[in-house]
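Descriptive analysis of the structure
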Amino acid sequence: MSSFPFILLILAAIAGYVINRSAAKSIRDDGNRLHSMTSYHGMFSALLILVPVLTLILVWLALQGAAINAIVMRDLPAGTLDGIGSGAEQLILAEITSISRGQMFGTPEDWKLAAADRYLALYNWSRWLLIAVVAALSLGILAFARSRVAADFRARQGVEGIVTGLMIFCSVVAIFTTFGIILSLSFETYRFLELVPLTDFLFGANWEPQIPIRADQIAAVGAFGWLPVILGTIVITVVALFVAVPIGLMSAIYLNEFAPRKLRAVIKPGLEMLAGVPTVVYGFFAVLVVAPAIRNLGQSLGIDVAPNTALAAGSVMGIMLVPFISSFADDALSAVPSALKDAALGIGATRGEMMTTVLFPAALPGIVGGVLLAVSRAIGETMIVVMAAGLMANLTINPLDSVTTVTVQIVTLLIGDTSFDNPKTLAAFALGMMLFLVTLVINIFALRIVRKYREAYD
Amino acid sequence: MTDMTTGSAAPDPHRTTEIVAKSLDRRRRKQSRLKWIGMGAIMIAFTMLFILVASLVSTGWQAFVQTHITVEVFVDPEEIRADRLPRGNFDDVLETTLGNMLPGVDMTDRATARSVGSILSDGAQFKLRDMVVANPELIGETITLKVPTSDIYDQLNKGLIDRETDNANRRVKDDEIARFDALKAQGVVSKPFNSTLFTSADSRFPEQAGLKGAIVGSFWALLVCFLISFPLGIGAAIYLEEFAPKNKISDIIEVNINNLAAVPSVVFGLLALAVFIGWFGMPRSAPFVGGLTLALMTMPTIIIATRAALKAVPPSIREAALGLGASRQQVVFQHVLPLAMPGILTGTIIGLAQALGETAPLLLIGMNAFITSAPSGPFESATALPTQIFIWADSPERGFVSRTSAAILVLLGFLVLMNGVAIYLRQKFERKW
């Protein structure tokens, strides 16, 4: 039934198209010269109906849930919600909605049954109201658009105006998304900082996010110092770079200068396959193969290795980053003007010397930009570390120990049922904010380097 | 040649040649060392890819078959009564059947009987029940039924349980192995294709767990993602590439899109959790919300691919259309866009393939729930393929290890398929101007 307004809208738009087009046709058949083609007259009516009514339906559907919930909760018998936390309120609401779906556990109180009835009635009412509003609005616009049809009506300009507006809207969605990220993160982070002081978060050396079991148990709120978490992220990132940078750079050098054309045509897509493997697969690979292998190696050497060592997660992440670095380095090497290359070869350098003394230094800024982007990816990478790294925040830089990362903490804090009023959940958003800021700064910096350097040689 | 060198203070050319010739060997060796290191690096990368695929295949192929036992069940009217269906002692009936197949096993001993019954999967009795409920005339008859074994016996039959292990430390004891081998000797044990993997949703029991729910959930999420990101991405790309005035605002939008493409995926999950679920009250675990989130992540990819495709259409096409009196929008929508379509579709499919493998944002919106039925629409709770892999990878049962690998192989299969279609489109329709 929820698709009914949409069907109504589509029918109205088709009707608008057909009516306006035939009206324009009959004007033309009477011997008048139309300013716009008849199909533009039709399109004008269809778009004029589609855009506002579709917006209305979507906004309506997006807001009706929250609105109905608010009304139901407001109309509960006086006193039922006094003195209970928002978590308990959520529970009551969830119970009411599940009763309204016909799922009952035990015998609910009468006021809950009444609320469920009211909930259903409101939904029903909202649905019919929406259908009525959509029908009325569509008909109104239909009539208006029909009244505009005339020989000298500039329907094409009208249509193109609407289409331009739509395209601008599409472009702005990207901005909306960024704003959405910044707004939601800062809002939740602000609430987090109301509970935990900023200095504790930034400079604390303990990360023990726990929810108090009793409401008056202030001491057990937990420690929210992000230092061990960010340190763990850095350790894993460094391990990843130790794997990815040499392999990526050397393969780029080989591909760019030494590989025969045919071999290159095979190797490049082969490397890109590594980039196409989903990270959850790498995570499983790390758990299934790499971590046990490292552990056995450590045991045979007599070294104590943690089961979820940073080395396993980091090295697998490094493999994931190899194609990323190699393609960036390859692009950077290719962007160096061939005049530099030719000059080096012309004065008698071997191709190897040309690469190490001329081409590579000339491409270095671009390569550094690519490595920085890889760093930002490693910091933001989630699944590999969620599956292969640890949960405990240890303040250590030993890659054989178990460490945790920012993304691991975000995921583990938010998996399962979450309510938005305890520091544990909000801490995830604070970590997300830091993650967003750090990667944003690195990205902007790296993209600027890459861009500037490309311009220098263009 | 000689004239040029005699006047200057340059060293004797013969000596120079000599020095160069002497050092040449060393320099060439250095070059070939660089070359070998490069090849080595590539070899390491490919070895890793090979180990990755090989380890998945070697653990995963076992999950594509499942041990079954063919049993001749006498549907005992004493245990199963037509007037009490769908209730009945279906598990006892199966247990008795197995007991009859194992002469010499004392079925009066409760513990032994239970252990014999546990050879079969918990799902076997439901299979029998469904058959009998559908056709109550079977009561009193003897029917031949092929039912899955439980996970441990499946592992045993596949040789994944080491029979040499000390009896006390082994999950299947010696007497249990003996009974299973007795059954095997009768030729009733078979290992057909594991169709459950594709026809049922998640389950706590490995032998009953399948990917249907995850595949359907991923389908809905990708459909929503496509329906939102494709029009939005193309609209934005056309505007930015063809119509936007070159000013500060367009610059900001462009930088913004590039940055958005590099934002960690888990941050999109946080956005979805706070905005879609927290503020708009959308349902948790729904593929619709997942698709919406993935759409935001896929949009930059589609925009970038579309802009490249539009850029590749030569200006002569635009000028010819403009010259014939087309408006700028007519030029774009009737001439440039159709020519750019293959490139746009290729980019879109690659973007969707990335979205299919994306896990972290789906975890945050709760698509890692334990759901035992496939969703029938985008607003119902569901898992997706990558989140299902995550759930199974976390499950302690042995049978889930190979099933996780199998699920990964299925996911990789879909990715290869999508990328193959993209490459095919590119090769078939791409025009070089």
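What you see is a predicted model; the values in this text were computed from it and never measured.

1. A short note on the overall build of chain B
Helices and strands together make up the secondary structure of chain B, namely 17 helices and three strands. Over its C-alpha trace chain B gives a radius of gyration of 32 Å, far above what one expects of a compact globule, namely 22 Å for 433 residues. Principal axes of the C-alpha set define a box for chain B whose edges measure 115 × 70 × 40 Å.

2. Digging into the overall build of chain A
Assigned secondary structure in chain A consists of 15 helices and two strands. Computed over its C-alpha atoms, the radius of gyration of chain A comes to 31 Å, more than 25% above the 23 Å expected for a compact globule of 458 residues. Principal-axis analysis of the C-alpha atoms gives chain A an extent of 85 × 75 × 40 Å. Within chain A, the fraction of its 458 residues that count as buried is 42%. Contacts in chain A between residues at least 24 apart in sequence constitute 75% of all its contacts with a sequence separation of at least 6.

3. Some points on the nonpolar core
Counting 196 residues, the largest nonpolar core has A286, A313, V316, I325, I384 and A388 of chain A as the members making the most contacts within it. With near-sequence residues (within four places) excluded, A388 of chain A lies in contact with G283, A286, V287, A291, N308, A312, A313 and V316 of chain A. Grouped together as the second largest cluster of nonpolar side chains are 22 residues, V73, V116, L120 and V172 of chain B included.

4. Observations concerning helix α2 (residues 13-60) of chain B
When the terminal C-alpha atoms of α2 of chain B are compared, their 68 Å separation across 48 residues agrees well with the 70 Å that a helix rising 1.5 Å per residue should span. Regarding α2 of chain B, the residues found buried are Q31, L34, G38, A41, I42, A45, M48, L52, L56, T59 and G60 of chain B. Buried residues along α2 of chain B sit against α7 (227-258), α8 (261-276), α9 (279-300), α10 (310-335) and α12 (351-380) of chain A together with α17 (399-429) of chain B.

5. Some thoughts on the interface of chain B and chain A
If you look at the interface, chain B gives 67 residues, while chain A gives 73 residues. It is α2 of chain B that contributes the most residues to the side of chain B that touches chain A, 20 residues altogether. For the side of chain B that touches chain A, the per-class residue count stands at 45 nonpolar, 18 polar and four charged.

6. Things to note about the domain arrangement of chain A
Domain boundaries assigned for chain A yield domain 1 (4-185) and domain 2 (222-457). Taken over C-alpha atoms, the centre of domain 1 of chain A sits 45 Å from the centre of domain 2 of chain A.

7. Considering the domain arrangement of chain B
All names here are of chain B. Along its sequence, chain B is organised into domain 1 (63-194) and domain 2 (212-429). Placing the centre of domain 1 and that of domain 2 at their C-alpha centroids yields a distance of 46 Å. Residue-level contacts link five residues of domain 1 with seven residues of domain 2. Residues of the side of domain 1 that touches domain 2, tallied by class, amount to two nonpolar, one polar and two charged.

8. Here we look at the sheet that holds strand β2 (residues 142-148) of chain B
Residue and element names in this part refer to chain B. If you trace the three strands from one edge of the open sheet to the other, you get β2-β1-β3, paired in antiparallel fashion. Looking at strand neighbours, the two that pair on one side only are β2 and β3 (189-190), the edges of this open sheet. Bridge count between strand β1 (residues 68-74) and β2: seven bridges; the pairing is antiparallel. If you follow H68 over to β2, its bridge partner there is P148.

9. As for the pairing of β1 of chain B
Here is the key point about a regular strand: its side chains alternate between the two faces of the sheet. For β1 of chain B and β3 of chain B, the ladder comprises two bridges, and the chain directions are antiparallel. Bridge pairing links I69 of chain B to V189 of chain B in β3 of chain B.

10. Quick notes on unusual backbone geometry
Glycine aside, the phi torsion of most residues is negative, and most peptide linkages are trans. Residues and elements named next belong to chain B. Phi at S285 takes a positive value of approximately 65°, unusual for a residue other than glycine. Tracing the backbone through its elements, the reader meets S285 in the loop between α11 (265-279) and α12 (287-312). For S285, a count of 21 C-beta atoms within 10 Å puts it in the buried group.

11. Brief notes about the packing of helix α9 (residues 212-243) of chain B against α12 of chain B
Residue and element names in this part refer to chain B. At a minimum axis separation of 6 Å, α9 and α12 run at an interaxial angle of 35°. As for how α9 packs across α12, the hand of that crossing is right-handed. Looking at the contact of α9 with α12 residue by residue, the class counts come to 23 nonpolar, seven polar and four charged.

12. Quick notes on the confidence of the model for chain B
Averaged over every residue, the pLDDT of chain B is 88; residues scoring 70 or more account for 97%. Among the scores for the predicted complex, ipTM is 0.89 and pTM is 0.89.

13. Remarks on the environment of P323 of chain A
Residues and elements named next belong to chain A. Within the secondary structure, P323 is located in helix α10. We classify P323 as buried; it has 24 C-beta atoms within 10 Å. Sequence separation of P323 and V239 is 84 residues, and the distance between their C-alpha atoms is 16 Å. In this structure P323 touches L271, E272, L274 and A275, once residues within four positions along its chain are discounted.

14. Some points on the environment of S32 of chain B
All names here are of chain B. Within the secondary structure, S32 is located in helix α2. Residue S32 is classed as partly exposed on the basis of its C-beta count, with 13 C-beta atoms lying within 10 Å. Considered as a pair, S32 and S402 are 370 residues apart in the sequence and their alpha carbons are 44 Å apart.

15. Here we look at the confidence of the model for chain A
In low-pLDDT regions, the fine details of the predicted coordinates are not to be read closely. Of all residues in chain A, 95% have pLDDT values of 70 or greater, and the mean over the chain is 87. The secondary-structure element of chain A with the lowest mean pLDDT is helix α3 (residues 86-100) of chain A, recorded at 77, while α7 of chain A shows the highest, at 94.

16. Thoughts on the packing of helix α15 (residues 423-457) of chain A against α11 of chain B
At a minimum axis distance of 10 Å, the contact between α15 of chain A and α11 of chain B shows a crossing angle of 135°. Viewed along their axes, α15 of chain A and α11 of chain B adopt a mutual orientation that is oblique. Between α15 of chain A and α11 of chain B lies a crossing of left-handed hand. Here α15 of chain A contributes F429, G432, L435 and F436 of chain A to the contact with α11 of chain B, which in turn contributes V267, L270 and A274 of chain B.

17. A word on the environment of V75 of chain B
Residues and elements named next belong to chain B. Within the fold, V75 resides in the loop between β1 and α3 (90-101). When the C-alpha atoms of V75 and N89 are compared, they prove to be 10.0 Å apart, with 14 residues separating the residues in sequence. For V75, the contacting residues outside a window of four places in its chain are I80, V93, V132, L138, I139, G140, E141 and I143.

The rules behind each value
- Residues numbered from 1 in each chain as written.
- Chains lettered and ligands numbered in written order.
- Predicted model: local features only at pLDDT ≥ 70, side-chain atom pairs only at ≥ 80, totals over all residues.
- Helix = DSSP H or I, 4+ residues; strand = E, 2+ residues; numbered from the N terminus.
- Rg over C-alpha atoms; globule rule 2.2 N^0.38 Å.
- Buried ≥ 20, exposed ≤ 12 C-beta atoms within 10 Å, placed from the backbone.
- Contact = placed C-beta atoms within 7 Å.
- Core = buried A, V, L, I, M, F, W, Y, C linked by C-beta atoms within 7 Å.
- Expected span 1.5 Å × (residues − 1).
- Nonpolar A, V, L, I, M, F, W, Y, C, P; charged D, E, K, R; others polar.
- Domains from an automatic or database assignment.
- Pairing = 2+ DSSP bridges.
- Axes fitted to C-alpha atoms, helices over the stretch in contact; angles between N-to-C directions.
- Left-handed = near helix turned anticlockwise from the far one by under 90°.
- pLDDT = per-residue confidence, 0-100.
- Parallel < 35°, antiparallel > 145°, perpendicular 65-115°, else oblique.

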